[in-house]
Amino acid sequence: MGLAADACGIQFRMLNTAKGPAVRAPRSQEDKIAYPLWMRRHLTEHYPTLTVAEGEAVEILTENGSVCGVRLLSGETLRCRAAIVTAGTFLDGVLHIGMETRPGGRWGNPPSVQLAENLRQLGLQTQLLKTGTPPRLYRESIRWDDLPQQAGDDPIPYFSYSTPPNGPADSVIAKCGQVSCAITRTNPRTHEIILGALDRSPLYTGRIVGTGPRYCPSIETKLVRFEDRDSHQIFLEPESIHNNLIYINGVSTSLPPDVQDEFLPTIEGLEKVKIARYGYAIEYLAFSPTQMRPTLETQAVPGLYLAGQVNGTTGYEEAGALGLIAGANAALKIKNEAPLIFRRDEAYIGVMIDDLITKGAPEPYRLFTSRAEYRLLLRQDNADLRLTASGRAAGLVDDTQWRAFERYHDLLESESERLDTTRVRPSELDVATLEENGVAVSTDNGISLDRLLARTNMTYALLEKMGLGSATLEALRQTPEDRTLVARVVEQVEARIKYAGYIDRQKAQVERHLGLETTPFPTDIPLSDVPSLRTEAAQILAERTPATLGQASRLPGVNPADITALMIYMKTREKK
C-alpha cells in the first residue's frame, strides 16, 4: 500500500508540522483512477500463486460451523478455509438524494442483499450506519484564479521506505508534478439556503435512521450543530489527472439536486460551477465489532473475518489497516502460525482494534491520535522500529526490506551510542554559535553530546556546524541514495533525545499495565462464584469473553474494583 501510494499520489503533505512529532502524519491524495490499476498490475505481476476471480459473493458456506467456501451469484463455489468480508457500504445499501431513495452500494452499483441476509443467518448482529459523499464538480467550471492554493510539500514525504528518494520512476508525479488544491469557504448566504431546505433533507425528515459519523458530518449537520459559525472551510481537490472531476471536501450532503444547484454557486470560486454528480447519503449494514476477536475473526463463525466499514469504521485509512490485519491473520491461521496482534502501546492499529472489540461502534469510528494513551510512543517516524520485526515474523517483510531495516537500525543505535558516550569540554564548543541560536552554554564540567542535544533550541545540525557530527553519517550523505537514510537517522536520534523523559514515563506506564494486557482472561471460572464481583460486571464479562484482563478492564460497565476482585480470586485459586 505504501508503494502504491507513492506511485499514484498526486499530492503529498506532512500534517501538523508546527506541532510535536507525536501528532505529525503524512497525507497523500491518491489518483482515483491510477491507484486501483497500479495495485491490480502489481498483484498479477508479483504474486503468481494469486488467482483473481470476479463475481458477486452471495453466501459464506460453512461446514461444522466453520467457513468452507464462498458461493457466487453465478453458482460457482470457491472453496476456502478462511474468507474476509470487506463489503464497505454495499450490504443492504440504500442511497438518499433528497426525498428520492434507491438501492445501491454506491452510485452506479447495486447493493449486496443476499450476502447481507446470509451473514445475518450465520448469527452476526447487525447495525445500521450512514455516511455521505459531496458533489463532484467539473474542473473547468471553477474560477481558480482568486482562490488560495495549497501545494504539496517539497521534499515529498513518501510513505514506503522502499521508495527511492526521488520517487518511483513511473509515478504519477514524475509525469505531471504535484497538483495543488484550492481553499474556499461557505458564507451566510450558503447557510441560509441549506437551513431553509432542511424540511427536504432526508437527515431531518426521518428518512435516514442510521447513525452518521460524528467527525465527518454533512454540511447540513455542521450548520445545525455549529449554528454560531457563519463560515466553514472547503477544499477543492482533483480526483485524478485522468479526468476533470473535482471533489469538494467538506460539503458532504444529501439535499435534493435543486438545492445543491442553488447553494453551490454562492461559494466563492463556484459562481458558474457545473455539477458532474450530486452528493448523496448512503445507509448500510455493519456488524457490531464486539463480535470479533483481536485477529478480526468472528466469534460466531471460525474462519470468517470482517474488515473495513462493515466493522463500524469510517475512512480509507481505517479500512486499509483492518484489511491488512484480517488478511494476515487469515493466512496465519491456515498456516497454523501465531496471529498478528498489536497492543495499544505498539501500534495505532492495536488502539483501533481494541477500541472496536471492547467498546463497539455505536457510531462510525474514526481513529485519532487522541484515542491513544501512549501516542508519544506511536509516532509516524518510528513506525518501522515498532513494527518491522512483527511484520518479518508474520511473513510480510521480505529479505530486501529486512536488510534495509537492519542497516538503518544499526546506524541509529551506533549514533545513539556515540552521542551518549562522547563528552566535550567547554573549550570544544562554539559558544558564539550556541548563543546565537538561544542554546544555554553552561557546561563547567563538560557534557555528553546527547545531553547537549537535549537542550532547548539545540539541533543535530548545530552539532555538525560545530564539528561534532558523525563522520560515518557524513560519508553516507555524499551518496545520493543514502541521504534519505541519514536524514531518518538524524530525525530519529533527535526525537529520542528530545522526548527521552516523556518516553521513559510512558514506557513505565506501559510496564505497569502490561501484566493485565498479557494475562489471559479466565474462561473456566464461574464468574458468579467470584466474591465482590458485581452482577452487572459478571454478566458483561460472560457475554463478551475478552481475550485478556486488560481488555476486560476497558469494557463498558466493568470498573477497576471488578478486575481487582477477579485477580484476587484467580490468585487464591492458583495457590490452592
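Below, the structure is looked at part by part. Please read all numbers here as calculations on a predicted model, not as lab measurements.

## Structural notes on the overall build of the chain
Within the chain, the secondary structure is distributed over 20 helices and 19 strands. Across its three principal directions, the C-alpha atoms of the chain cover 80 × 80 × 55 Å. Taking all 576 residues of the chain together, the buried fraction comes to 45%. Intrachain contacts of the chain at a sequence separation of at least 6 include 69% that bridge at least 24 residues. As displayed, the chain offers around 28,600 Å² of accessible surface, 51% of which is attributable to carbon and sulfur atoms.

## Points about the side chain of asparagine 311
By the element assignment, asparagine 311 lies in the loop between strand S17 (304-306) and helix H8 (316-334). Those residues in contact with asparagine 311, other than ones at most four positions away along the chain, are Phe287, Pro289, Met292, Leu296, Leu306, Leu322, Leu356 and Ala361.

## Here's the deal with unusual backbone geometry
For the bond from aspartate 154 to proline 155, the omega torsion is 5°, close enough to zero to count as cis. Turning to its location among the elements, proline 155 is positioned in the loop between strand S11 (149-150) and helix H4 (172-176). Not every positive phi belongs to a glycine, and serine 532 is a case in point at roughly 70°. For serine 532, the location among the structural elements is in the loop between helix H17 (500-518) and helix H18 (535-544). Exposure remark for serine 532: the relative accessible area of 67% places this residue in the exposed category.

## Things to note about the nonpolar core
Ile60, Leu91, Leu119 and Leu304 are the most contacted members of the largest nonpolar core, which has 41 residues in total. A total of 7 residues in this core trace back to one element, the largest contributor, which is H8. In this structure, isoleucine 60 is in contact with Val67, Gly69, Val70, Ala83, Val85, Leu115, Asn118, Leu119, Leu122 and Leu304, ignoring residues within four places of it in sequence.

## Thoughts on the pairing of strand S16 (residues 280-287)
When you tally the buried positions in S16, you get 8 out of 8 residues, the bulk of the element. Taking every second residue as pointing to the same face, both faces of S16 are buried, with Tyr280, Ile282, Tyr284 and Ala286 on one and Ala281, Glu283, Leu285 and Phe287 on the other. Where strand S7 (residues 94-97) meets S16, 3 bridges bridge the pair, whose relative direction is antiparallel. Among the inter-strand pairings, histidine 96 is bridged to a residue of S16, identified as alanine 281.

## A look at helix H16 (residues 480-498)
Between the first and last C-alpha of H16 there are 28 Å, a value that for 19 residues agrees with the 27 Å anticipated at 1.5 Å per step. Of the surrounding elements, those touching the buried residues of H16 are helix H10 (383-393), helix H11 (399-421), helix H13 (449-453), helix H14 (460-465), helix H15 (471-477) and H17.

## Thoughts on the packing of aromatic side chains
All told, the structure shown has 4 aromatic pairs when counted by the stated rule. Centroid distance phenylalanine 12 to tyrosine 158: 5.4 Å. Interplanar angle 65°. Geometry classified as edge-to-face. Here phenylalanine 12, found in strand S1 (residues 9-15), pairs with tyrosine 158, found in the loop between S11 and H4; they are 146 residues apart in sequence, far enough to count as distant. For the pair formed by phenylalanine 12 and tyrosine 158, the shared burial category is buried. For the cation-ring pair, arginine 488 lies above tyrosine 408, with the distance from its terminal atom to the ring centre recorded as 3.9 Å.

## Things to note about the sheet that holds S16
The sheet built from 4 strands is open, its strands ordered S8-S7-S16-S9 with antiparallel pairing. Two strands close off the open sheet at either side, each with one partner strand: strand S8 (100-103) and strand S9 (126-133). The average angle at which neighbouring strand axes cross in this sheet is 25°, direction not considered.

## Looking at the sheet that holds strand S14 (residues 245-249)
Taken in spatial order, the 6 strands make up an open sheet running S11-S12-S13-S14-S10-S15, and their pairing is antiparallel. Taken across any chain shown, the strands that pair with only one partner, and hence form the sheet edges, are S11 and strand S15 (275-277). Pairing of S11 with strand S12 (residues 181-185) involves 2 bridges; the strand directions are antiparallel. Bridge pairing in S12 places glutamine 150 opposite cysteine 181.

## A few points about the pattern of salt bridges
Overall, the coordinates contain 38 salt bridges when judged by the stated rule. In this structure, arginine 120 engages glutamate 117 in a salt bridge whose closest nitrogen and oxygen atoms are separated by 2.9 Å. Taken together, the positions of arginine 120 and glutamate 117, both in helix H3 (residues 113-121) and 3 residues apart, correspond to about one turn of that helix. Exposure remark for arginine 120: the relative accessible area of 30% places this residue in the partly exposed category.

## Details of the side chain of threonine 221
Mapped onto the fold, threonine 221 is located in helix H6 (residues 219-225). Of note is the side chain of threonine 221, whose polar atom sits 3.0 Å from the side chain of serine 218. When sequence neighbours within four positions are dropped, the list of residues in contact with threonine 221 reads Leu203 and Tyr204.

## Digging into the environment of arginine 79
Relative to the elements of secondary structure, arginine 79 occurs in strand S5 (residues 77-79). When neighbours within four sequence positions are excluded, arginine 79 is seen to be in contact with Glu63, Cys68 and Gly69.

## What to know about H18
Of all the residues in H18, the buried ones are Ala537, Ala538, Ile540, Leu541 and Arg544. Projection of H18 onto a plane perpendicular to its axis shows the buried side chains occupying an angular sector of 165°, all on one side. Residues of H18 that are exposed and angled more than 90 degrees away from the buried face: Thr535, Gln539 and Glu543. Along its buried surface, H18 packs onto helix H9 (348-359), helix H19 (549-553) and helix H20 (560-575).

## Some thoughts on the packing of H10 against H11
As a packed pair, H10 and H11 sit with axes 11 Å apart at the nearest point and diverge in direction by 145°. Handedness of the H10/H11 crossing: left-handed. Within the contact between the two elements, H10 uses Asp384, Leu385, Thr388, Ala389 and Arg392 and H11 uses Asp399, Trp402, Phe405, Tyr408, His409 and Leu412. By residue class, the composition of the contact of H10 with H11 is 6 nonpolar, 2 polar and 3 charged.

## Some words on the packing of H8 against H9
The description of two helices packed together rests on the angle between their axes and the distance between the axes. At a closest axis distance of 11 Å, the pairing of H8 and H9 adopts a crossing angle of 90°. Classified by the angle between their axes, H8 and H9 sit roughly perpendicular to one another. On H9, the residues that touch Glu318, Ala321, Leu322 and Ile325 of H8 are Ile349, Met352, Ile353 and Leu356. A breakdown of the residues in the contact of H8 with H9 according to their chemical character gives 7 nonpolar, no polar and 1 charged.

About the criteria used
Residues numbered from 1 in each chain as written. Predicted model: local features only at pLDDT ≥ 70, side-chain atom pairs only at ≥ 80, totals over all residues. Heavy atoms only, no water. Helix = DSSP H or I, 4+ residues; strand = E, 2+ residues; numbered from the N terminus. Buried < 20%, exposed > 50% of the residue type's maximum accessible area, 1.4 Å probe, protein only. Contact = heavy atoms within 4.5 Å. Areas by Shrake-Rupley, 256 points an atom, 1.4 Å probe, with all protein chains shown as cover. Core = buried A, V, L, I, M, F, W, Y, C linked by side-chain atoms within 4.5 Å. Pairing = 2+ DSSP bridges. Expected span 1.5 Å × (residues − 1). Phe/Tyr/Trp six-rings, centres within 6.5 Å; stacked < 30°, edge-to-face > 60°. Lys NZ or Arg CZ within 6 Å of the ring centre and 35° of its normal. Axes fitted to C-alpha atoms, helices over the stretch in contact; angles between N-to-C directions. Salt bridge = Lys/Arg side-chain N within 4 Å of Asp/Glu carboxyl O. Polar contact = N/O pair within 3.5 Å; in protein donor to acceptor, adjacent residues only side chain to side chain. Arc of directions from axis to C-beta. Left-handed = near helix turned anticlockwise from the far one by under 90°. Nonpolar A, V, L, I, M, F, W, Y, C, P; charged D, E, K, R; others polar. Parallel < 35°, antiparallel > 145°, perpendicular 65-115°, else oblique.

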